[in-house]
Every structure is written in C-alpha cells, then in structure tokens.
Amino acid sequence: MPSALLTSPHAVAKTRAAAYPPVEWVPASSSNYTASNRPSSYPVTYVVVHVTQETYADTLAIFKNPAKKVSAHYVVRSSDGHIAQCVSERNVAWHAGNWTYNTRSIGIEHEGWVDQPEYFTDEMYEQSARLTAAICDKYAIPKDRQRIIGHVEVPGSDHTDPGRYWDWSRYIRMVNSV
C-alpha cells in the first residue's frame, strides 16, 4: 500500500525545488488568475511584495472565492513564516492591479496590516527572503530594489503596502545572503 500514502490528503506540504523553502499548495479559484505558460508567454522580471490587510486564513479564503477576482502566487504567515502557494508560477496571478506587472511578476502576500509592525516577524522575513531569493535565482531577476518592489511601487497602484514598517534594507540584505 505505499502508493496510498502518496495520495493522502494530509501530505500537503511540498518543496518546489532545492532552493525553495517548503510550501503548502492551497489553490486559488481558477476564476482569480489567468492560465499561462510563463516564462515562455511572458518573462518574469519582478517580485512584488504585498501585505494582506487580512489574516492568513482570510487571505486564503479570499483567493478561493471565485467572486473576488484576486490572487497572489504565495502567502506568508506571520507567526511562523509558513508559506502557501495559491497560483502556479507559470500562471498570471491578479495581485498588482496592473496587467503588465501581473504578467511579469511573482506576487508574495505577507499576513498582516501595514500599520501593525508586530506582524513582520523574524520568521516571516526569513522564509519570505528564502522564497524571493529562489524566485530571483530561477528567473535571473536581480536581487535589488529595482526588481523586488512593493505593491505601492507598481505604476497606477492605489495601495500603500507593504508600508513604512516593512524593513526593506533588512529584507534585501536577507534575500542576498541566502
């Protein structure tokens, strides 16, 4: 019965590639992203950092709701840095509010609120930095602030995340030290 173990509903955590931290597959509704074949269809040239303005669980529920029309590739939990992948990197998540940036980026949501810095834990920064470094390595994205950007920096965005409490210097340093 070893094959039965492979299909167990409890075996949800998986590692994407050697450099990726472990992630749990929690798929978004297919109504909330565009199927694609990136990087063949669109080059991936950015990582966009977001803050959910919701809890981790509520963010996953929003991404599963077909009426919401929003998603991100990954969500990082505050308490322990656990990562859920909601959209395959080959597909276009609807996270940036700008079609060009959506097609050319990987979106990473971080649990919390922009005005509550206690959500930005060491565990969150560490796991997110590992994930971002692996994405940058995979797609040959420079590990700098020109290519790892906040949602607020997407042209036409009306969002403020990740906000003034996000420690960009620390984060970029961590991405580069992985």
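Residues numbered from 1 in each chain as written. Predicted model: local features only at pLDDT ≥ 70, side-chain atom pairs only at ≥ 80, totals over all residues. Heavy atoms only, no water.

Caption draft 1: Representation of the overall build of the protein chain. The helix and strand tally for the protein chain stands at five helices and nine strands. Reading the helices (α) and strands (β) of the protein chain from amino to carboxyl end gives α-β-β-β-β-α-β-β-β-α-β-α-β-α. Counting over 178 residues, the protein chain shows a buried share of 47%. For the protein chain, the exposed surface amounts to about 8600 Å²; the carbon and sulfur share of it is 52%. (Helix = DSSP H or I, 4+ residues; strand = E, 2+ residues; numbered from the N terminus. Buried < 20%, exposed > 50% of the residue type's maximum accessible area, 1.4 Å probe, protein only. Areas by Shrake-Rupley, 256 points an atom, 1.4 Å probe, with all protein chains shown as cover.)

Caption draft 2: Seen up close, the nonpolar core. Membership of the largest hydrophobic core comes to 30 residues, with the highest contact counts inside it found for Tyr74, Ile135, Ile148, Trp166 and Tyr171. Taken together, the elements giving at least two residues each to this core come down to strand E4 (46-51), strand E5 (74-76), strand E8 (105-110), helix H4 (122-139) and helix H5 (168-177). When residues of this core are assigned to their parent elements, the largest contribution, nine residues, is made by H4. Beyond its immediate sequence surroundings of up to four residues, isoleucine 135 is in contact with Tyr20, Val47, Tyr74, Glu89, Ile106, Ile108 and Ile141. Tyr56, Leu60, Val75 and Cys86 belong to the second largest nonpolar core, which has twelve residues in total. (Core = buried A, V, L, I, M, F, W, Y, C linked by side-chain atoms within 4.5 Å. Contact = heavy atoms within 4.5 Å.)

Caption draft 3: Quick look at the environment of tyrosine 139. Tracing the chain through its elements places tyrosine 139 in helix H4. A relative accessible area of 13% means that tyrosine 139 is categorised as buried. Distance from tyrosine 139 to proline 43, taken between C-alpha atoms, is 8.1 Å for residues 96 residues apart in sequence. Aside from chain neighbours lying at most four places away, what touches tyrosine 139 is Pro39, Val44, Glu89 and Ile106.

Caption draft 4: Representation of unusual backbone geometry. Here arginine 38 and proline 39 are connected by a cis peptide whose omega angle stands at 5 degrees. Here proline 39 lies in the loop between strand E3 (33-34) and E4. In this structure, the amide linkage connecting aspartate 161 to the following residue, proline 162, adopts the cis form with an omega of 15 degrees. Inspection of the secondary structure puts proline 162 in the loop between strand E9 (148-150) and H5. If you check the backbone angles, alanine 140 has positive phi at about 55 degrees while not being a glycine. Its location among the elements puts alanine 140 in the loop between H4 and E9. Residue alanine 140 is classed as exposed on the basis of its relative accessible area, which comes to 67%.

Caption draft 5: Focus on the pairing of E4. With six of six residues buried, E4 is to be regarded as a mostly interior element. Residue alternation in E4 divides its side chains into two sets, Tyr46, Val48 and His50 and Val47, Val49 and Val51, and both sets are buried. The pairing of E4 with E8 spans six bridges and is classified as parallel. Directly across from tyrosine 46, in E8, lies its bridge partner serine 105. Two strands pair when backbone bridges link them, and E4 and E9 are joined in this way by three bridges, in the parallel orientation. Opposite valine 47, over in E9, you have isoleucine 148 as the bridge partner. (Pairing = 2+ DSSP bridges.)

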